[in-house]
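Analysis of the macromolecular model
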Amino acid sequence: MQPLHLRSAGTSLVVSTHRGEAEISHWGADLGETLPDLAILNEPIPPSSADANVPAGLIPQASSSWQGRPGLRGHRVTDGMPGFDFSVRLRVVSATADGNTAVVVQSDPDAGITVTSHLTLHPGGLLELRNAVTNDGTSPFQVDELATVLPVAPDAVELLDLTGRWCRERHPQRHSIQQGTWVRTGRHGRTGHDSSLLFAAGTAGFGNRHGKVWATHLAWSGNHEQFADRVGDGRTMIGGSELLGPAEVLLQPGETYTAPALFAAYSDRGLDGITEAFYSWFRARPHHVAGPRPVVLNTWEAVYFDHNLETLIELAGSAADLGVERFVLDDGWFRGRRNDHAGLGDWYVDESVWPGGLTPLIEAVIAHGMEFGLWVEPEMISINSDIARAHPEWIVGPSASSYKDGGRLPVEWRHQHVIDLVNPDAWQYVFDRIDALLRDNKISYLKWDQNRDLLEHGHSGRASVHQQTLAAYRLFDALREAHPSVEIESCSSGGARVDLGILERTDRVWASDCNDALERQTIQRWTGMVVPPELVGGHIGPSTSHTTARTHDLSFRAITAFFGHFGMEWDVRSVTGAEREELKRFITLYKEHRALIHSGLAVRADAPDESLMVHGVVAPEHDGGIPAGATAALFAVVKTRTSFAEQVGRVSLPGLDPSRTYRVELLFPTPVDADYGHTIIEAQPVSWLASGAEANGRFLGEVGLPMPVLHPEHAILLRLTAF
Ligand code: DGJ
């Protein structure tokens, strides 16, 4: 069989089958049209090893003497006895390609197992892999793991993955690849604050815009593992899998388990190339958000649980005056929900707080020309709720006997539990309640929250995170189908559910509960590695952050929120005078530039001074290019702390068309902010600031411009106009 060769946007994927099993012979730089006979790649047989070449299989197998992590782990249960067919020997049955999608079927007839792999290389270079295992036998087969892996080239010597916690999601960590397995495990029953949105291997010192990078993302919102596996012979695989609980997937004859999709990108120009592949894929989806992303006002940090119609109508009026376009009522509106100890599951408007229902507020919001959004947390239940009293058997626990019959419950988390969506009655109840809310009220947007880990998560006494995750997906899907115009945000105690599984059924993520602009610079930078800014909520919080107690001026908070889906989470009634005018100005600036921010290419400079973050967005050159006079790029120069040197030197503005001339000017602060500007800019500003600078893209990328000396935890915004 001929190898399959998929090519797109500078990437080649070669799947060969000449050794009987499928293997990825190359994933990396585009190889052009012609391939040699791939038998030339057969490895030498090292001493003290199997007497055969060992393929690094598409599904790595111990039966081929692969020494690393196997692709499929499982066993057959025959006559009640587990452990049979523990080692399969998959051989290619068919391998076909149609356009940029390949389908490889491998089977072991003796073990009664077939694995089907779908590989698609999307137009922007993003690779999508999906493996599925089918039980062809006559007795049940227990799947313990079905991993999806990719080989990386020998010059990939460093790993970068992301970790975090509540209010500090997606921070990077790096180290060299060593022999052995580096595993990032998520046992939260949700994606997790510490989940590695991107798992990247690269050449030594790879950076934002240099070096070769091979990166993966696992599209799954439940338990999972991501890993890099370097075996003794020097080969390295990276990949991921769903982390299955005991006997969570027991395939009956004829049944199939489909593993979560692994998305992957290769770049020979650093991490920005990886981002470009992801953004291009997101933006090509038919259901990707379209049109201007509305300015949001979320009530959480403005009023918390203190719901009062008069106050909220006032807040809505104040928001509308600023130019807000979507008003989101957060937690606290439903029966019994005066604090976070009660009410989850009782998805009825609390008549004691809202005697006229939500309608008076919604009407006021709509009369101001804004959309109305509502917070919900459909997967959760409070012990202190009518629904838990009526159906204690719907509360998830580890025991075979339900809570109703004295079964044990998992430890409480934010005083709440999980509702068993695998139970069809519970699922239907939740669907009906949210569906009714959406039917009875003019709601354009749901902030869908999920505020606890799924611990000891069982259904009828057996582990069921897998089933719960699928049931939650079905709930999102069914509600979207019933209410296609309602936008949904994925929130999970801030950013604990950010992945491509949930993003297939939602329109935005809440990156973090931390609105501190300094923390947000890092959180958004690494979330934005994969997820484009139109899908990443970023809000201006109060001047003193509620989660860190740091105080930042408005410009730093606004410039930070600017590069996402912009909004506020602040009692804006208290914003008056010059500060209110400045806030209005930022909202106007966002509206003027959001089309570019939400369609452009993300650019992150490799700033030599560690106190600086320089990032921007560059307009894509559509047919005919950017018209002269149009805004071609926006950059933020962010000073995170004091620098070692007296000045940070020249700062390069990369990613521009080398032959085009640009005019660079300060968008904020401008000369009219002269007084205010001195609180941002430490010393006399550099000469070009007053009237702007003109240079071509090559000069701006290679030489850069000297920047003013900024105070730490401040930022400036630059606009580049094309000539
Ligand atoms: C956690 C979310 O991340 C917050 O934004 C807020 O919605 C609260 N939950 C409400 O309980």
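The rules behind each value
- Residues numbered from 1 in each chain as written.
- Predicted model: local features only at pLDDT ≥ 70, side-chain atom pairs only at ≥ 80, totals over all residues.
- Heavy atoms only, no water.
- Helix = DSSP H or I, 4+ residues; strand = E, 2+ residues; numbered from the N terminus.
- Buried < 20%, exposed > 50% of the residue type's maximum accessible area, 1.4 Å probe, protein only.
- Contact = heavy atoms within 4.5 Å.
- Areas by Shrake-Rupley, 256 points an atom, 1.4 Å probe, with all protein chains shown as cover.
- Pairing = 2+ DSSP bridges.
- Axes fitted to C-alpha atoms, helices over the stretch in contact; angles between N-to-C directions.
- Salt bridge = Lys/Arg side-chain N within 4 Å of Asp/Glu carboxyl O.
- Near = heavy atom within 4 Å.
- Polar contact = N/O pair within 3.5 Å; in protein donor to acceptor, adjacent residues only side chain to side chain.
- Core = buried A, V, L, I, M, F, W, Y, C linked by side-chain atoms within 4.5 Å.
- Domains from an automatic or database assignment.
- Phe/Tyr/Trp six-rings, centres within 6.5 Å; stacked < 30°, edge-to-face > 60°.
- Lys NZ or Arg CZ within 6 Å of the ring centre and 35° of its normal.
- Buried area = accessible area lost by both parts, 1.4 Å probe.

A word on the overall build of the protein chain
- Check the secondary structure of the protein chain and you find 14 helices and 41 strands.
- In the protein chain, which comprises 723 residues, the share counted as buried stands at 61%.
- Sequence separation of 24 or more characterises 71% of the internal contacts of the protein chain that already satisfy a separation of 6 or more.
- Accessible surface, the protein chain: about 26600 Å² in total, of which carbon and sulfur atoms supply 52%.

Concerning the sheet that holds strand β2 (residues 11-16)
- Pairing is antiparallel across the open sheet formed by three strands, whose spatial order is β1-β2-β3. Only two strands of the sheet have a single partner each, and these edge strands are β1 (4-8) and β3 (23-29). Strand-to-strand, the axes of this sheet are offset by a mean angle of 10 degrees, without reference to chain direction.
- Where β1 lies against β2, five bridges are found, and the strand directions are antiparallel. In the strand pairing of β2, Arg 7 is matched with Ser 12.

Some remarks on the pattern of salt bridges
- Here the structure, examined in full by the defined rule, presents 47 salt bridges.
- Here Arg 293 ties to Glu 487 by a salt bridge, and the two come within 3.0 Å at their closest N and O atoms. Placement of the pair is Arg 293 in the loop between α1 (271-284) and β22 (296-298) and Glu 487 in strand β30 (residues 487-490), with a sequence separation of 194 residues. Across the pair, exposure class does not vary: Arg 293 and Glu 487 are buried alike.
- A salt bridge links Asp 340 to Arg 414; its shortest N-O distance comes to 3.4 Å. Taken as a pair, Asp 340 in the loop between β23 (326-329) and α4 (359-367) and Arg 414 in the loop between α5 (386-390) and β26 (417-418) lie far apart in primary sequence, 74 residues in all.
- Assessed through its relative accessible area of 17%, Asp 340 is described here as buried.
- Overall, Arg 414 belongs to the partly exposed group, its relative accessible area being 26%.
- Connected through salt bridges with shared partners, the residues Arg 19, Glu 23, Glu 43, Asp 233 and Arg 235 form a single ionic network.

What about the site of the ligand?
- Close contacts around the ligand come from 13 residues, with Asp 330, Asp 331, Lys 447, Asp 449 and Asp 513 the closest.
- Within the side chain of Asp 331, an N or O atom sits 2.6 Å from an oxygen atom of the ligand.
- Here Trp 375 contributes a side-chain N or O atom positioned 3.1 Å from an oxygen atom of the ligand.
- In isolation the ligand has 290 Å² of accessible area, and contact with the protein removes 98% of it.

Some details on the nonpolar core
- One finds Trp 27, Trp 333 and Leu 718 to be the most contacted residues of the largest nonpolar core, which totals 190 residues.
- Sorting elements by how many residues they give to this core places helix α6 (residues 424-440) first, with eight residues.
- Split by domain, this core shows at least three residues from each of two domains, domain 1 (4-284) and domain 2 (601-722).
- Core analysis: the second largest hydrophobic core is formed by 16 residues, Ile 59, Val 88, Ala 111 and Ile 113 among them.

Points about the sheet that holds strand β33 (residues 565-568)
- The sheet built from eight strands closes into a barrel, its strands ordered β22-β23-β24-β27-β30-β31-β32-β33 with parallel pairing. With strand direction ignored, the average angle separating the axes of adjacent strands in the sheet is 30 degrees.
- Bridging between β22 and β33 involves two bridges; their strand directions are parallel. Looking across to β33, one finds that Leu 297 is bridged to Met 568.
- Relative to β23, helix α3 (residues 309-322) is tilted by about 155 degrees, and along the sheet it contacts β22, β23 and β33.

With respect to the environment of Gly 211
- Mapped onto the elements, Gly 211 comes out in the loop between β15 (199-202) and β16 (213-218).
- Here Gly 211 falls in the partly exposed class, since its relative accessible area comes to 22%.
- Sequence separation between Gly 211 and Asp 268 is 57 residues, and the spatial gap between their C-alpha atoms is 5.8 Å.
- Apart from residues no more than four positions distant in its own chain, Gly 211 is found in contact with Thr 203, Phe 206, Ser 267, Asp 268, Arg 269 and Gly 270.

Structural notes on the packing of aromatic side chains
- Summed over all chains, the structure comprises 17 aromatic pairs.
- Ring centres 5.7 Å apart and planes at 70 degrees place the aromatic pair Phe 562 and Phe 563 in the edge-to-face group. Comparing Phe 562 with Phe 563 shows no difference in burial state: the two are buried.
- We note Arg 69 situated over the ring of Phe 227; from NZ or CZ to the ring centre the distance is 4.0 Å.

Digging into unusual backbone geometry
- Of note, the bond from Phe 668 into Pro 669 is cis; its omega dihedral lies within 30 degrees of zero at -10 degrees.
- Mapped onto the secondary structure, Pro 669 falls in the loop between β38 (661-668) and α12 (674-677).
- Notably, Ala 9 is not glycine yet its phi reads approximately 45 degrees, a positive angle.
- Structurally, Ala 9 can be placed in the loop between β1 and β2.
- Its relative accessible area of 57% is what places Ala 9 among the exposed residues.

Brief notes about the domain arrangement of the protein chain
- Domain boundaries assigned for the protein chain yield domain 1 (4-284) and domain 2 (601-722).
- Taking the mean C-alpha position of each, domain 1 and domain 2 sit 40 Å from one another.
- Counting residues at the interface gives eight residues for domain 1, matched by eight residues for domain 2.
- In total, about 670 Å² of surface goes out of reach between domain 1 and domain 2, with carbon and sulfur atoms giving 41% of it.
- Between the two partners, domain 1 and domain 2, sit one salt bridge.

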